[in-house]
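# Inside the fold
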Amino acid sequence: MMLERLSPGDADRLALVHARCFRPGWSAQSFRDLLARDTTVALALRDDDRPRELIALILVQVAAEQSEILTLGTLPEARRRGHARALVLASATQAHRMGAREIFLEVAKDNAAASALYRSLGFLPAGERRAYYRDANGRLTDAIILRAPLPLDAFPPESSKA
Ligand SMILES: CC(C)(COP(=O)(O)OP(=O)(O)OC[C@H]1O[C@@H](n2cnc3c(N)ncnc32)[C@H](O)[C@@H]1OP(=O)(O)O)[C@@H](O)C(=O)NCCC(=O)NCCS
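First, a word on scope: everything that follows refers to the structure included in this document. (Residues numbered from 1 in each chain as written. Predicted model: local features only at pLDDT ≥ 70, side-chain atom pairs only at ≥ 80, totals over all residues. Heavy atoms only, no water.)

## Regarding the pairing of strand E3 (residues 54-63)
Burial analysis of E3 places nine of its 10 residues in the buried class, which makes it a mostly covered element. Pairing of strand E2 (residues 40-46) with E3 involves seven bridges; the strand directions are antiparallel. Bridge pairing in E3 places alanine 42 opposite leucine 59. Two strands pair when backbone bridges link them, and E3 and strand E4 (residues 66-74) are joined in this way by eight bridges, in the antiparallel orientation. Residue pairing across strands places glutamine 61 opposite glutamate 68, the latter belonging to E4. Here E3 folds back onto E4 in antiparallel fashion, the turn holding two residues, of which alanine 64 has a positive phi close to 55°. (Buried < 20%, exposed > 50% of the residue type's maximum accessible area, 1.4 Å probe, protein only. Helix = DSSP H or I, 4+ residues; strand = E, 2+ residues; numbered from the N terminus. Pairing = 2+ DSSP bridges.)

Right, dumping it as structure tokens:
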């Protein structure tokens, strides 16, 4: 498995992976715009055997002492192998190096997989946004705001706390 820093030239491939993780996915132009900013940390994982294909991605925006996970996804066939955990840890380390002291994200209230992942990394609820997401069927879902102090690895997973 190889960890790769992404550039605007990767936008088309990112849009393909994103469309397999989210409905609707983001456009290639959205990725191009985000990747053109030097405040965006954009990382992906690729298979050693198929180096042209991305299997997981993360984008983090850094703004002074705060950072935010904008999106995170692993292809369905590559899940539960630690890829998302590795990307959150690597991007949080990078955001910390850029000056961020905390990291936030929004997650749909009914997204059990992502919630379990973030909580295992020490993220805790910091607020709620009502009717924040609209899915492909037009259904609205609340979002939970999660927050963790940086660096992440200074904080043990929830499960290991007394
Ligand atoms: C959420 C998502 C990114 C997780 O990716 P992943 O690469 O499978 O995650 P990991 O293998 O790194 O999982 C790490 C930990 O998260 C938790 N976790 C991940 N998927 C889970 C699931 N389906 N059910 C319960 N816990 C889960 C577990 O604690 C897991 O550790 P374990 O496998 O040792 O038990 C992936 O399911 C995905 O792309 N979903 C669609 C897009 C999405 O919801 N993105 C997040 C938006 S905030």
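Now that the structure is up, let's keep going.
## Observations regarding the nonpolar core
Counting residues in hydrophobic clusters, the biggest one holds 46 residues, and the most contacted among them are Ile69, Leu72, Val88, Ile103, Tyr118 and Phe123. When residues in this core are grouped by element, the largest group, eight residues, is from E3. Among residues more than four places away in sequence, those in contact with isoleucine 103 are Val60, Ser67, Ile69, Ala92, Phe123, Leu146, Arg147, Ala148, Leu150 and Leu152. (Core = buried A, V, L, I, M, F, W, Y, C linked by side-chain atoms within 4.5 Å. Contact = heavy atoms within 4.5 Å.)

## Details of the side chain of threonine 40
Along the chain, the position of threonine 40 falls in strand E2. Judged by its relative accessible area of 13%, threonine 40 is buried. Among the polar contacts made by the side chain of threonine 40, one reaches the main-chain carbonyl oxygen of leucine 34 at a distance of 2.7 Å. In terms of polar contacts, threonine 40 uses its side chain to reach the side chain of glutamine 61, at 3.4 Å. Sequence-distant contacts of threonine 40, that is, excluding residues within four places in its chain, are made with Leu34, Leu59, Val60 and Gln61. (Polar contact = N/O pair within 3.5 Å; in protein donor to acceptor, adjacent residues only side chain to side chain.)

## Considering unusual backbone geometry
Looking along the chain, the bond that leaves arginine 23 and enters proline 24 is cis, with omega of -5°. Of note, proline 24 is situated in the loop between helix H1 (11-21) and helix H2 (28-35). Each neighbour pair has its own omega, and for leucine 150 with proline 151 the value is 5°, a cis peptide bond. For proline 151, the location among the structural elements is in the segment after strand E7 (140-149). Positive phi, normally seen in glycine, also occurs at arginine 80, with a value near 60°. Inspection of the secondary structure assignment puts arginine 80 in the loop between E4 and helix H3 (83-97). Positive phi is not limited to glycine here, since alanine 131 has a value of about 45°. Note on placement: alanine 131 falls in strand E6 (residues 124-134).

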